[in-house]
Amino acid sequence: MKIISRQFIAGLSVALFTGTMTMAQSNQKLHSNNHIMENYPIHYRNIKVNDLNLFYREAGPADAPTILLLHGYPTSSHMFRNLIPILSKKYHVIAPDLPGFGYSDAPDHNRFSYTFDNLAGTVQAFVDKLEMKRFAVYIFDYGAPVGLRLAMNNPEKITGIVSQNGNAYEEGLSDQWNPIQKYWKDPSQANRLALKNFVSEEVTLFQYQHGVSDPSLIAPEAYTLDQKFLDRPGNIEIQLDLVKDYRTNVALYPKFHEYFRKYQPKLLLVWGNKDPYFLPAGAETYKKDVPDAKLKFYDTGHFALETNAAEIGAEIFEFMGTLPR
């Protein structure tokens, strides 16, 4: 029988120990990945900000990279109901209802100034109160001028921007804006009254269904809930105040462009190409200021998440993985 040297035994021990450690590390990594990709519940929360109750949805691991979802008109954080479960498997997702929308407070327009500066200021206070240090922001419709104000004022906080039909260029404004632009130029009571149909069920349905090849993909609870909130007493005045103030967003476009050129934020553009309000040209023009922006068109309308949530969610999921923690 051969005598096994002490050196051989020591070497074998080291090899076995190293192999055990490698296996343990692999198992730990596998467990970590499984933990990251697990399904997280959505929490429905309320917070007091500037004497307003703000409702928001939150999901995902709290220590993961954060994405702030900002909705548009006439909807609320409800528009993200299909997207949040996709993103929250790995990312921390926060989606508030803006003042005047959804389940957040909607004070009378004589007591609260419904301007986009004020909406952005409220979101800023919301971000500060939640102590959000670094995050990506998803902007859509009204959420675009709100989110871009936030980005300009907090460039150090923004890890990336996802614009889903979130316009920032005059090239993106369709002729659907003509009656509204008439009101901007002459904010008379007659021109204001001419826009009262803006909050009607007919127009809400048009926003959801225009450009959608298969309307049966549109969940009826989406536009039904939006209309319920639009029909609240006094809400028409709130919405007409915001329509009037939208002109300040167009006036800020050059400032938004300066921000893009200076900071070159990581930018993903996911756009319904049949949006009746914000044209594909608006998405394409972003690349003039942020050449490395990724642009993806979808054959759908304004509310692209209603028909293409899975595809858009996959794009955002991949995009988030490229951002700094």
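Preceding this paragraph is the structure being described.
In this report, we go over the structure that sits alongside the text. (Residues numbered from 1 in each chain as written. Predicted model: local features only at pLDDT ≥ 70, side-chain atom pairs only at ≥ 80, totals over all residues. Heavy atoms only, no water.)

1. A few points about the nonpolar core
If you look at the biggest cluster of nonpolar residues, it comprises 63 residues, and the most contacted ones within it are Leu68, Tyr142, Ile161, Tyr246, Phe260 and Tyr286. With 10 residues, the single largest contributor to this core is helix α9 (residues 235-263). Those residues in contact with Tyr142, other than ones at most four positions away along the chain, are His71, Gly72, Tyr73, Phe101, Phe116, Phe198, Leu242, Val243 and Tyr246. Ranked by size, the runner-up nonpolar core spans 31 residues in total, among them Leu87, Val162, Ile316 and Leu323. (Core = buried A, V, L, I, M, F, W, Y, C linked by side-chain atoms within 4.5 Å. Buried < 20%, exposed > 50% of the residue type's maximum accessible area, 1.4 Å probe, protein only. Helix = DSSP H or I, 4+ residues; strand = E, 2+ residues; numbered from the N terminus. Contact = heavy atoms within 4.5 Å.)

2. Quick notes on the side chain of Thr204
Within the secondary structure, Thr204 sits in helix α7 (residues 201-209). Thr204 has contacts with Pro74, Val199, Tyr223, Asp226, Gln227 and Leu230, leaving out every residue within four places of it along the chain.

3. Things to note about the packing of helix α3 (residues 116-129) against helix α4 (residues 143-153)
Contact pair α3 / α4: the axes reach a minimum separation of 9 Å and the direction vectors enclose 60°. One way to sum up the angle between α3 and α4 is to call them oblique. The element α3 and its partner α4 pack so that their crossing is right-handed. Along its contact with α3, which presents Phe116, Asp117, Leu119, Ala120, Val123, Gln124 and Val127, the element α4 presents Pro145, Val146, Arg149, Leu150 and Asn153. For the contact of α3 with α4, the per-class residue count stands at 8 nonpolar, 2 polar and 2 charged. (Axes fitted to C-alpha atoms, helices over the stretch in contact; angles between N-to-C directions. Parallel < 35°, antiparallel > 145°, perpendicular 65-115°, else oblique. Left-handed = near helix turned anticlockwise from the far one by under 90°. Nonpolar A, V, L, I, M, F, W, Y, C, P; charged D, E, K, R; others polar.)

This is a description of form; function is not addressed.
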